[in-house]
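Report on the structure
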Amino acid sequence: MFLLFLSLISSKKPVVLIPGTYASLLQMTGKDLGHEWFCPKTLDNQIIWVDEMYLIPPILDCFFQWLKIYYDPVKNVQLNHPNSTIDIVDFGSLRGVTSVDSFIQNISIIPYYTFMINYFEKNGYVEGKDLFGAPIDWRMGLAQAPTVFYPRLIKLIEDIYAKTNEKVVIIGHSFGGFVVQNFLAEGATQEWIDKYIDHGIALAPSFGGSIEAMQISYTKVITKGITIKNKYLAETLETMGAVHVHYMNYELYKDDIVFYGPDGDTYKAKDFPDLLVKHEKITGDGIPLLKLNEPYFATFPKQTKAPLQIIYNSGRETRTAIKVNSWDNETVENVYGKGDGTIISDGLNKYCNKYASNTRCHDLNENGFFGSHLMMLYHYPLIELTYKAVTNSTLF
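This is a predicted model, so every value here is computed, not measured.

So, the packing of helix α4 (residues 114-122) against helix α14 (residues 380-391)
Axis separation between α4 and α14 bottoms out at 10 Å; the angle between their running directions is 55°. In this view, α4 runs oblique relative to α14, as classed from their interaxial angle. The crossing of α4 and α14 is right-handed. Residues Phe115, Met116, Tyr119 and Phe120 of α4 form the contact with α14, whose participating residues are Tyr380, Leu382, Ile383, Glu384, Thr386, Tyr387 and Val390. Among the residues making up the contact of α4 with α14, the classes are represented as nine nonpolar, one polar and one charged.

Structure below.
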């Protein structure tokens, strides 16, 4: 009896970590991949996202073409590059969620959940026992979640429960937080969630969308400290579910102007996709690919079937709209409000207020470096707060 008591007080709630956009390693197997003479022709379970070797010109052109998503008009589904498969690495382990990259001999230089994992492990968590990773092919947005990611997640959680007899806590950051919210709302039945899920934690969740995603679609340029402009990147961005799913939510921001055109007209969130098509910012298969993710930002996010804790930030200047002076160039002017530098806090406030019965929210209100969307993951107070939220579903 005493041994049973010791096991009960020492047991920990199992945790599954779901990463955000760009933060799951992706590996590729394929043949006849050479668009140019310098492109590798075959790959065999080779990590491409991110292996820094593929970011060196001119191989960079090959890399962008491999990441492009294709469309099957018969089945109305997303497809990988022809003659290839692209998938996540080691579902269930921490390898695919710890860092963004895997360089020479699996050395990583861009951390993601690295510091959070270290903190949990120092407090007794053990990989494969009560700490797990659930990487996702972020390129697809949520369009493949019901058929690919959610079945994997359900099996992983059921396996964890079978081993530990403990309900699971799911943690996600950014797009990972979007996934946590959507899975707990729509990914499983109430009966299943009651049995297997303790609660969810969403860190700076992105289910309200981001002006950054809209700007990427409009300009077909990525600016992250440096500006990345490439014709193959532009083609890939048109097809990228990770971008589409992060357009501003039609209902959370139904009264907000998110785009100012050169003609003096103003546009709301629901107008933006049609605007892109009208001005040929998205063409061809990019249009039906966008439609596959539209259901996830067209309606007000649903209430979760398990308690949800949201940790977010309203303390930093954050883009709330963009202005353009011409339909033909990439120059934009930003309008600013409150958020974490990427995610606007207003939409999260609306969600928290509507679902206050089972959603508890904590605003960091941090205007410093570690209040930014990514850097908060590296900040000890946020990591400690997340750890406390695991053990206490009513912390806030």
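Right, picking up where we left off after that structure.
Notes on the packing of helix α2 (residues 59-67) against helix α9 (residues 231-239)
Axis separation between α2 and α9 bottoms out at 8 Å; the angle between their running directions is 10°. Taken together, α2 and α9 sit at an angle that is classed as roughly parallel. Note on element contacts: α9 touches α2 through Tyr232, Leu233 and Thr236, opposite Asp61, Phe64, Gln65 and Leu67. Of the residues in the contact of α2 with α9, the class split is four nonpolar, two polar and one charged.

What about the environment of Glu186?
Tracing the chain through its elements places Glu186 in helix α6 (residues 175-187). Classification of Glu186 as partly exposed rests on a relative accessible area of 45%. For the pair Glu186 and Gln65, spaced 121 residues apart in sequence, the C-alpha separation works out to 33 Å.

Considering the sheet that holds strand β16 (residues 332-339)
Strand order in the open sheet formed by four strands is β13-β12-β15-β16, with mixed pairing between adjacent strands. Looking at the sheet topology across the chains shown, the edges are occupied by β13 (266-268) and β16. Taking the axes of each pair of neighbouring strands and ignoring which way they run, one obtains an average angle of 40° across the sheet. Of the pairings in the sheet, the one linking strand β15 (residues 316-324) to β16 comprises eight bridges and is antiparallel in character. Bridging across to β16, Val324 finds its partner in Val332.

Quick notes on helix α12 (residues 286-293)
Because each turn of an α-helix spans 3.6 residues, side chains separated by three or four positions in sequence point in the same direction. Looking at α12, one finds that the buried residues are Gly286, Leu289, Leu290, Leu292 and Asn293. Along the axis of α12, the buried positions cluster into a sector of 155°, meaning they face one direction only. Where α12 is buried, its residues touch β4 (70-72), β5 (77-79), α9, α10 (241-244) and α11 (272-278).

Re the sheet that holds strand β2 (residues 26-30)
Two pairing modes exist for strands in a sheet, parallel and antiparallel, and in both the strands are linked by backbone hydrogen bonds. Judged by pairing direction, the sheet is antiparallel, and its three strands sit side by side in the order β3-β2-β6 without closing on themselves. Every interior strand has two partners, whereas the edge strands, β3 (43-49) and β6 (84-88), have only one. Direction aside, the axes of adjacent strands within the sheet are offset by 25° on average. Here β2 pairs with β6 via five bridges, running antiparallel. Within β6, the position partnered with Met28 by the bridge is Ile86. Along the sheet, α2 contacts β2, β3 and β6; its crossing angle with β3, the most-contacted strand, is approximately 100°.

Here's the deal with the environment of Ile211
Inspection of the secondary structure assignment puts Ile211 in helix α8 (residues 211-219). Since its relative accessible area comes to 0%, Ile211 is described here as buried. As a C-alpha pair, Ile211 and Leu364 span 153 residues in sequence and 21 Å in three-dimensional space. Among all residues touching Ile211, those that are not within four sequence positions of it are Met248, Val258, Arg319, Thr320, Ala321, Ile322 and Ile344.

Topic: the state of the cysteines
Applying the stated rule across the entire model yields two disulfides. Residue pairing for Cys39: its cysteine sulfur links by disulfide to Cys62, the two sulfurs lying 2.0 Å apart. Its S-S torsion of approximately -90° makes the covalent link between Cys39 and Cys62 left-handed. Here Cys39 is found in the loop between β2 and β3, whereas its partner Cys62 is found in helix α2, with 23 residues between them in sequence. Here Cys39 falls in the buried class, since its relative accessible area comes to 3%.

A word on the nonpolar core
By size, the foremost hydrophobic cluster in this structure holds 124 residues, and its most contacted members are Phe120 and Phe259. Beyond its immediate sequence surroundings of up to four residues, Phe120 is in contact with Val15, Tyr125, Leu131, Ile171, Tyr387 and Val390.

Describing the confidence of the model for the chain
Chain-level statistics for the chain give a pLDDT mean of 94 and a share of 96% at 70 or above. Counting interchain partners and residues more than four positions distant, the pLDDT-below-50 stretch residues 1-9 has zero contacts.

Details of the pairing of β15
Note: strand β12 (residues 257-260) against β15, two bridges, orientation parallel. Each residue of the ladder has a partner; that of Phe259, found in β15, is Ile322.

A look at the packing of aromatic side chains
Going through the model one piece at a time under the given rule, you end up with 35 aromatic pairs. Summarising the aromatic geometry, the rings of Tyr247 and Phe272 are spaced 5.3 Å apart at their centres and angled 85° between planes, so their arrangement reads as edge-to-face. With a gap of 25 residues between them, Tyr247 in the loop between α10 and β12 and Phe272 in helix α11 connect regions that are remote in the sequence. Of the two residues, Tyr247 and Phe272, both sit in the buried class. Residues Phe259 and Tyr267 carry aromatic rings whose centres are separated by 5.9 Å and whose planes lie at 70° to one another, so their mutual orientation is edge-to-face. Given a relative accessible area of 14%, Tyr267 falls into the buried group. Every member of this aromatic cluster is reached through a ring pair, and the members are Tyr218, Tyr247, Tyr250, Phe259, Tyr267, Phe272, Phe297 and Trp327. Its end group placed over the ring of Tyr260, Lys323 keeps NZ or CZ at 5.1 Å from the ring centre.

The rules behind the values
- Residues numbered from 1 in each chain as written.
- Predicted model: local features only at pLDDT ≥ 70, side-chain atom pairs only at ≥ 80, totals over all residues.
- Heavy atoms only, no water.
- Axes fitted to C-alpha atoms, helices over the stretch in contact; angles between N-to-C directions.
- Helix = DSSP H or I, 4+ residues; strand = E, 2+ residues; numbered from the N terminus.
- Parallel < 35°, antiparallel > 145°, perpendicular 65-115°, else oblique.
- Left-handed = near helix turned anticlockwise from the far one by under 90°.
- Contact = heavy atoms within 4.5 Å.
- Nonpolar A, V, L, I, M, F, W, Y, C, P; charged D, E, K, R; others polar.
- Buried < 20%, exposed > 50% of the residue type's maximum accessible area, 1.4 Å probe, protein only.
- Pairing = 2+ DSSP bridges.
- Arc of directions from axis to C-beta.
- Disulfide = S-S within 2.5 Å.
- Core = buried A, V, L, I, M, F, W, Y, C linked by side-chain atoms within 4.5 Å.
- pLDDT = per-residue confidence, 0-100.
- Phe/Tyr/Trp six-rings, centres within 6.5 Å; stacked < 30°, edge-to-face > 60°.
- Lys NZ or Arg CZ within 6 Å of the ring centre and 35° of its normal.

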